[in-house]
Amino acid sequence: MTTQFLNIKKLNKSTRYNIVTVGSILIAYAICMYMINAGNMSNLLQNLLVAMCYYGIMAVSLNLTVGILGQLSLGHAGFMCIGAFTGAFFSKIMINTMDNVIIRFTLAILIGAAMAGLFGVIIGIVVLRLRGDYLAIVTLAFGEIIKNVLNVLYIGYDSRGIHFSMKDTASLNLEEGGMVIVKGAQGISGTPRNATFTIGVALLIITYLIIVNLVNSRSGRAIMAIRDNHIAAESVGIDITKYKILAFSISAALAGVAGVLYSHNIATVQSTKFGYNTSILILVFVVLGGMGNLRGSMIAAILLTVLPEYLRFMRDYRMLIYAIVLIVMMIFNWAPIFINWRKNHSLKDAFNNILKKIVKAKKEA
Amino acid sequence: MSFITYLLNGISLGSVYSIIALGYTMVYGIAKMLNFAHGDVIMIGGYIIFTIMSTVGLNPILAVLISIILCTLLGITIERIAYKPLRRAPSLAVLITAIGVSYLLQNLALLIFGAEAKSFTSVIPVKPISLAGGRLTISGETLITIPLCVLIMTVLTIFIKKSKTGRGMIAVSEDKEAAVLMGINVNKTIAITFAIGSALAAVASALMFSTYTNLSSTSGAMPGIKAFVAAVFGGIGSIPGAMIGGILLGVIEILSRAYISTQLGDAIVFLILIIVLLVKPTGILGKKIQEKV
C-alpha cells in the first residue's frame, strides 16, 4: 500500500500539481518556523508572515471571480471588510463567555465567512445582468458603500441586546456597564490577537484546496465554460445564474476568512483600510500571478507583500519604484517586442542549443 | 432658496465631473481601455497651475493655458510609453498598467510637492452675484463652470461629427481593423484622443480646485473614480451620456450630502448607480449590443 501511495507518477496530473503546491507551502512554512526558532528572521519579516497568508487567501479567492469565472471585480476588499468586522465583533462579544480560544476563533472564522458569503450571494444576484466594465463599476460601488456605511456605524452591547446607531456613541442608549463595540470611524479595537502564522498557513492551504476542488469538479467546468463563452454554455444547458452566484459567494466567503484573520492579527480594524486601493492591490496580485493560476496568485501575493517592506531603505522613492516595477513587468509580459525577445532568448532554447552542440562535437570526435 | 443653491452647486460639481468623464469615455470608446490614471492627470494639472501662480505669479488664465499644454503632453507621453506597447494585450493587463501609471503620478507628485496639502487659489476672475435680495448667492466658479461645460460639450460633439479626425475616431471605435483598411492612422487617432482627454482634465482641474481648494497628491483619485462612475452612469462611450451622467451624479451627491447625511454622500451616490444599472444595465444612454453567436 505504502509503495503505491508514494508512486507519484501514477497519480493524475492535477493531484500531482496540488501535492507539489501544498508541499511547497509546507516546506516554506517549515523553513520560516525553523528561522524563527533559530532567531534568524528579522522582526520586519515576522510581522509580515500573517499578512502574507491573508493576502494569499484574498488573491486566491479573487482569482476564482476574475480568472476562473472571468468577471472583473473591483470590490473584493469589501467582502474582506465584512469578514473582518463580523469576526472581530463576535470575538469581542464572546471574549468573556467563551474561554476556549480555538473554538472561539474557529467560530469567528465561520461566522465571518458566512456573513461575507451572504453578501456575495446578494452581489451575485445584483450583478447577474451586468457584464464587463459595468460589473466592475458595480463591485467598486459596493466596496465603497460597505466602507462608507461601516465608517459611520456604531454598535453597542448590553444586557438588553445589541444596539445600532448611525450617529454617535451616545445615541446608542446603552445601559450602565454596556459595551460599545463598533465605534464608527475608529472601528473595532482590542480584538484578541488569535491569528498566528500556523493558523494562517492552514487557512491558506484550506482555501487553495477548496478552490482547486471546485475548479476540477463538474461545477468548476461549468464556471469555466461560462467564462469562455456564456452563450455557448447556456445553450448546452448550464445554469448560468446558479454557477455565477456559486462562484461569487464562495469567493466572497473566502475573502471573509481573510478578513477575520486580518482583524485578529492587527487587533484594530477600521473600514477605511478596505477601500478601493486594497481591492486594486489584490487585483494586481491576481493579474501578475496569472489569471486562473492559483499558485501564481499566492506567489505574487507573497512577493508583493514583502517587496514594499524591503524597499523601505529607499524611503520616499519606495512607492515610486513599486509603480515603475509594476508598469515594466506588465510591458515586459505583454508587449509583442518583449514576447519575441523572450522567445529568442529563452533559457530552455539556450540549454537545448548547448546540448546539441555537445552532441555534435561528440559525433565529430 | 437653499435648495436652489444646492442644486446650482450640484450642477456645477456635476459639470466638472462630466468634463472629466469625457476623457474617460472617449478613451474607452476609442482605445477600449479604462484609463485609471486619468484622475491623476487632474491632480498634476492642479499642481502645475499652483506652481506657476505661486512662483512666477503669472496671470491665472495664462497659468491654466500652460497647464493645458503640459497635461496634453503628459497624456500623449503616457499613452506612448505605457499603453501603446500593450495595444494587443488582454484588457486586464492594460488596466493594471494604468493603475501603475496612476501610482507613479501620485508618488511623483508626493516627492516633488511634499505630503502637505496645498491651498489652491481660485483662477476664476468673476465675482459672485447676489439674487433675490441677497438670499441667493451664486459663486463665480458656478457662473463660469456651467456655461464652459456646455461649450466644451458642443465643440467636442461638432468636432467629432464634422471634422476628418473626429470621424476617424468614430471609425476606430466602431472597428479598428476596418478603420485601418480605410486609411485611418489608428495610432495617431488614439494619441489625439488621449491629448484631448488630458487637455480636458487640465480644464477640469482648474475649475475643480477653484471650488474645492485642497490640493494633495491623492486629490485626483476620488474625482477620477466619480467621473468613471458618471461615464458608466450615462452609458460609457457616449458623449452626451457623459454629460448627463456627470451632472446627475453631481446633483445627487450635493443634495444627499445636504439633506440626508454628510458622511454617507458617497455611499448614496454609489447606491443610486447600482439601482440605475439594475434597471438599465448599459447606462442611461448606452446602446445595447446584441451578441451574435
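What comes next is a walk through the structure. This is a predicted model, so every value here is computed, not measured.

Counting its secondary structure elements, chain A contains 15 helices and five strands. The dimensions of chain A, computed from C-alpha atoms along their principal axes, are 95 × 60 × 55 Å. Going through the 365 residues of chain A one by one, you find that 50% of them count as buried. Taking as baseline every contact in chain A between residues at least 6 positions apart, the subset at least 24 positions apart corresponds to 71%. Put simply, chain A shows about 18,200 Å² of open surface, and 63% of that area lies on carbon and sulfur atoms. The averaged location of the 14 negative side-chain charges in chain A is 15 Å from the averaged location of its 31 positive side-chain charges.

All names here are of chain A. Spatially, the three strands line up as an open sheet ordered 2-1-3, and their pairing is antiparallel. Each having just a single partner strand, strand 2 (161–165) and strand 3 (179–183) make up the two edges of the open sheet. Strand-to-strand twist in this sheet, taken as the mean axis angle between neighbours without regard to direction, amounts to 20 degrees. Two strands pair when backbone bridges link them, and strand 1 (residues 154–158) and strand 3 are joined in this way by four bridges, in the antiparallel orientation. Looking at the pairing, Y157 lines up with M179 of strand 3. Helix-sheet contacts for helix 4 (residues 76–94) involve strand 1, strand 2 and strand 3, and the interaxial angle to strand 3 is about 170 degrees.

Before going further, it helps to spend a moment on the interface of chain A and chain B. Taken together, the contact between chain A and chain B spans 43 residues of the former and 45 residues of the latter. Three residues, A:D133, A:Y134 and A:I137, lead the burial of chain A against chain B; their summed loss comes to 16% of the area buried on that side. One can count zero salt bridges joining chain A with chain B. The tally of links between chain A and chain B comes to zero residue pairs in polar contact (both at pLDDT 80 or more). Among the elements that make up the side of chain A that touches chain B, the one with the highest residue count is helix 6 (residues 132–151) of chain A (11 residues). Split by residue class, the side of chain A that touches chain B holds 35 nonpolar, three polar and five charged.

Take the pattern of salt bridges next. All names here are of chain B. All chains considered together, the criterion is met by seven salt bridges over all chains. One salt bridge connects E253 with R257, and the closest N-O pair in it is separated by 3.1 Å. One end of the pair is E253 and the other is R257, both in helix 10 (residues 239–259) and four residues apart, which spans about a single turn. Taken together, the shared-partner salt bridges connect K226, E253, R257 and D266 into one network.

Residue and element names in this part refer to chain B. It is at 7 Å that the axes of helix 9 (residues 221–234) and helix 10 come closest, and there the two elements cross at 120 degrees. With respect to helix 10, the element helix 9 is oriented oblique. Helix 10 is crossed by helix 9, and the crossing has right-handed handedness. Across the interface between the two elements, K226, V229, A230, F233 and G234 of helix 9 pack against G241, G245, G246, L248, L249, I252, E253 and R257 of helix 10. Taken together, the residues of the contact of helix 9 with helix 10 sort by class into six nonpolar, four polar and three charged.

Residues and elements named next belong to chain B. In this structure the tally under the stated criterion is zero disulfides over all chains. Left without a disulfide partner, C71 is nearest to the cysteine sulfur of C149, which lies 18 Å away. Judged by relative accessible area, which is 1%, C149 ranks as buried.

Residue and element names in this part refer to chain B. A surface patch of positive charge is lined by K161, K162, K164, R167 and K188. Secondary structure elements with two or more residues in the positive patch: helix 5 (140–162) and helix 6 (164–174). With respect to the helices and strands, the residue R167 is situated in helix 6. R167 sits in the partly exposed class, given a relative accessible area of 49%.

Cut-offs used in this document
- Counting from 1, residues in each chain are numbered in the order their sequence is written.
- For this description, chains carry letters from A and ligands carry numbers from 1, given in the order in which they are written.
- Side-chain atom pairs in this predicted model are given and counted only at pLDDT of 80 or more, local residue features only at pLDDT of at least 70, and totals for whole chains, interfaces and linings cover all residues.
- Neither water nor hydrogens contribute to the side-chain values; these are computed over all heavy atoms in the structure.
- Secondary structure elements follow DSSP: runs of H or I no shorter than four residues count as helices, runs of E no shorter than two count as strands, and numbering proceeds from the N terminus.
- Whether a residue is buried, partly exposed or exposed follows from its accessible area with a 1.4 Å probe, protein chains only, as a fraction of its type maximum: under 20%, in between, or over 50%, in that order.
- Residue contacts are counted whenever heavy atoms from the two residues lie within 4.5 Å of one another.
- All accessible-area figures derive from a Shrake-Rupley calculation using a 1.4 Å probe, and residue coverage is judged against the displayed protein chains alone.
- Positive charge is attributed to Lys and Arg, negative charge to Asp and Glu, and no charge count is given to His or to the chain ends.
- Note that the charge is assigned to NZ on lysines, CZ on arginines, CG on aspartates and CD on glutamates.
- Pairing between strands is defined by DSSP: at least two bridges between them are needed.
- Axis definition: a line fitted to C-alpha atoms, over the contacting stretch in the case of helices. Angles run 0 to 180 degrees between N-to-C directions.
- The term buried area refers to how much accessible surface (probe radius 1.4 Å) is lost by two components on association, counted for both of them together.
- Just to be clear on terms, a salt bridge is a Lys or Arg side-chain nitrogen sitting within 4 Å of an Asp or Glu carboxyl oxygen.
- Think of a polar contact as two N or O atoms within 3.5 Å of one another; within protein, one of them needs to be a possible hydrogen donor and the other a possible acceptor, and neighboring residues in sequence only count if both atoms come from side chains.
- Charged means Asp, Glu, Lys or Arg here, nonpolar means Ala, Val, Leu, Ile, Met, Phe, Trp, Tyr, Cys or Pro, and polar covers whatever is left, Gly included.
- When describing relative orientation, an angle under 35 degrees is termed roughly parallel and one over 145 degrees roughly antiparallel, while 65 to 115 degrees is termed roughly perpendicular and anything else oblique.
- By definition, turning the near helix anticlockwise from the far helix through less than a right angle yields a left-handed crossing, and turning it clockwise yields a right-handed one.
- Disulfides are defined as pairs of cysteine sulfur atoms found within 2.5 Å of each other.
- Within this analysis, patches are made of residues with over 30% relative accessible area and no salt bridge. Like charges are joined at 9 Å or less; nonpolar side chains (Val, Leu, Ile, Met, Phe, Trp, Tyr) at 5 Å or less.

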